[in-house]
Amino acid sequence: MDMDGVLVHEEHMVPGADRFLAELREQGRPFMVFTNNSIFTPRDLRARLHRTGLDIPESAIWTSALATAQFLEKQRPGGSAHVVGESGLTTALHNIGYVLTDRDPDYVILGETRTYSFEAITKAIRLVEGGARFIATNPDEKGPSREGTLPATGAVAALIERVTGRAPYYVGKPNPLMMRSALRALGSHSENTLMIGDRMDTDVRSGLESGLQTILVLTGISDENTAELFPYRPTKVINSVGDLVGNTADPFGA
């Protein structure tokens, strides 16, 4: 399941999310919480979720930063990267033995940050022009805040692409790579796994392209009309994960 918009709204729990997770645990159903946000480490996110009243272990949290690190470890072990991002991404790369440098790196990796600067973007552009491969953690163009819309990774990646003529490879949702890596961690198969999200373009699409059934909740980005705007549909649309309490064994009805 996605995190923001499904389980929490910034620093507040979605009503019923705690009872939903408790029921999954009671029934012994493994789950994984996803986020395309690469700013935080799983430890940071566990602490954030705990403050809202949700107790989720680090092992059940999967971020686009972790998915990116896993991808790079398989593609080019022991490589180097110049990172525009925060500790969630740099920690994940350090943990796979990557060297972070701005001297002839193998990759330029763009992640989420609240401190994009003209200097940092210009540096990334010049390194990509110099031959570094361009990776972005996720394609989300915008994100929410209490003050309104914020530009996200996809928007800054578009700027770099426009200047360099080099499109990034996006690792996070809706890339099925992120979903399949989580399925392996769960020891599960797509045929008996469900994706719950609040966005059609990332959550529902990633589930669909990975062979999962999908549920769209209306507690985040999407409203009741959103599903009609896309050429594909979720398996089911519900108001919130609270509606699944009492039905987690059979969320679609017999």
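Scroll up a little and you will see the structure.
All of the points below concern the structure found in this document. (Residues numbered from 1 in each chain as written. Predicted model: local features only at pLDDT ≥ 70, side-chain atom pairs only at ≥ 80, totals over all residues. Heavy atoms only, no water.)

Moving on: the overall build of the chain. The helix and strand inventory of the chain stands at eight helices and 14 strands. Along the first, second and third principal axes, the C-alpha set of the chain runs to 55 × 35 × 35 Å. Out of the 254 residues belonging to the chain, those deemed buried represent 50%. Contacts spanning at least 24 positions in sequence make up 65% of the contacts within the chain whose residues lie at least 6 apart. Of the roughly 12300 Å² of accessible surface on the chain, 49% is carried by carbon and sulfur atoms. Side-chain charges in the chain split into 25 positive and 32 negative, and the spacing between the mean points of these groups amounts to 5 Å. (Helix = DSSP H or I, 4+ residues; strand = E, 2+ residues; numbered from the N terminus. Buried < 20%, exposed > 50% of the residue type's maximum accessible area, 1.4 Å probe, protein only. Contact = heavy atoms within 4.5 Å. Areas by Shrake-Rupley, 256 points an atom, 1.4 Å probe, with all protein chains shown as cover. Lys, Arg positive; Asp, Glu negative; His and termini not counted. Charge placed at Lys NZ, Arg CZ, Asp CG, Glu CD.)

Moving on, we get to the nonpolar core. If you look at the biggest cluster of nonpolar residues, it comprises 25 residues, and the most contacted ones within it are F34, L72, L93 and I109. Where this core is concerned, the elements lending two or more residues are helix 3 (64-75), strand 5 (80-84), helix 4 (87-95), strand 7 (107-110) and helix 7 (176-186). Sorting elements by how many residues they give to this core places helix 3 first, with five residues. If near-sequence neighbours (up to four positions away) are discounted, L72 is found in contact with P77, L93, I96, Y98, Y107, I109 and I135. (Core = buried A, V, L, I, M, F, W, Y, C linked by side-chain atoms within 4.5 Å.)

What follows is about the pairing of strand 5. Among the five residues of strand 5, five are classified as buried, and the element is accordingly described as predominantly covered. What you see with strand 5 is no split at all: S80, H82 and V84 on one side and A81 and V83 on the other are buried throughout. Looking at chain direction, strand 5 and strand 6 (residues 99-100) are connected through two bridges and run parallel. Note on strand 6: the bridge partner recorded for A81 is L100. With helix 4 bridging strand 5 and its parallel neighbour strand 6, the resulting β-α-β unit is right-handed. (Pairing = 2+ DSSP bridges. Right-handed = clockwise from strand over helix to strand, strands pointing away.)

A volume near 610 Å³ is recorded for the second largest pocket. Contributing to the lining of the second largest pocket are 27 residues, with L24, P30, N192, T193 and L194 lying nearest its centre. Looking at the lining of the second largest pocket, the elements that each hand over two or more residues are helix 1 (17-26), helix 7 and strand 12 (194-197). Of the residues forming the lining of the second largest pocket, the biggest block, four residues, is contributed by helix 7. The class makeup of the residues in the lining of the second largest pocket is 19 nonpolar, five polar and three charged. (1 Å grid on protein atoms, 1.4 Å probe; cavity = no way out; pocket = protein on both sides within 12 Å on 5 of 7 lines; lining within 4 Å. Points joined across faces, edges and corners; volume = space filled by probe spheres on them. Nonpolar A, V, L, I, M, F, W, Y, C, P; charged D, E, K, R; others polar.)

Attention now moves to the pattern of salt bridges. Applying the stated criterion to the full structure yields 11 salt bridges. The salt bridge involving R199 is made with D140; its shortest N-O contact spans 3.6 Å. Separated by 59 residues along the polypeptide, R199 in the loop between strand 12 and helix 8 (200-209) and D140 in the loop between strand 8 (133-136) and strand 9 (142-143) bring together distant segments of the chain. Under the relative-accessibility criterion, R199 is labelled buried at 12%. Across the pair R199 and D201 runs a salt bridge, and its minimum N-O distance is 2.9 Å. What you see here is one network of salt bridges that share partners, running through D2, K173 and D203. (Salt bridge = Lys/Arg side-chain N within 4 Å of Asp/Glu carboxyl O.)

This is a description of form; function is not addressed.
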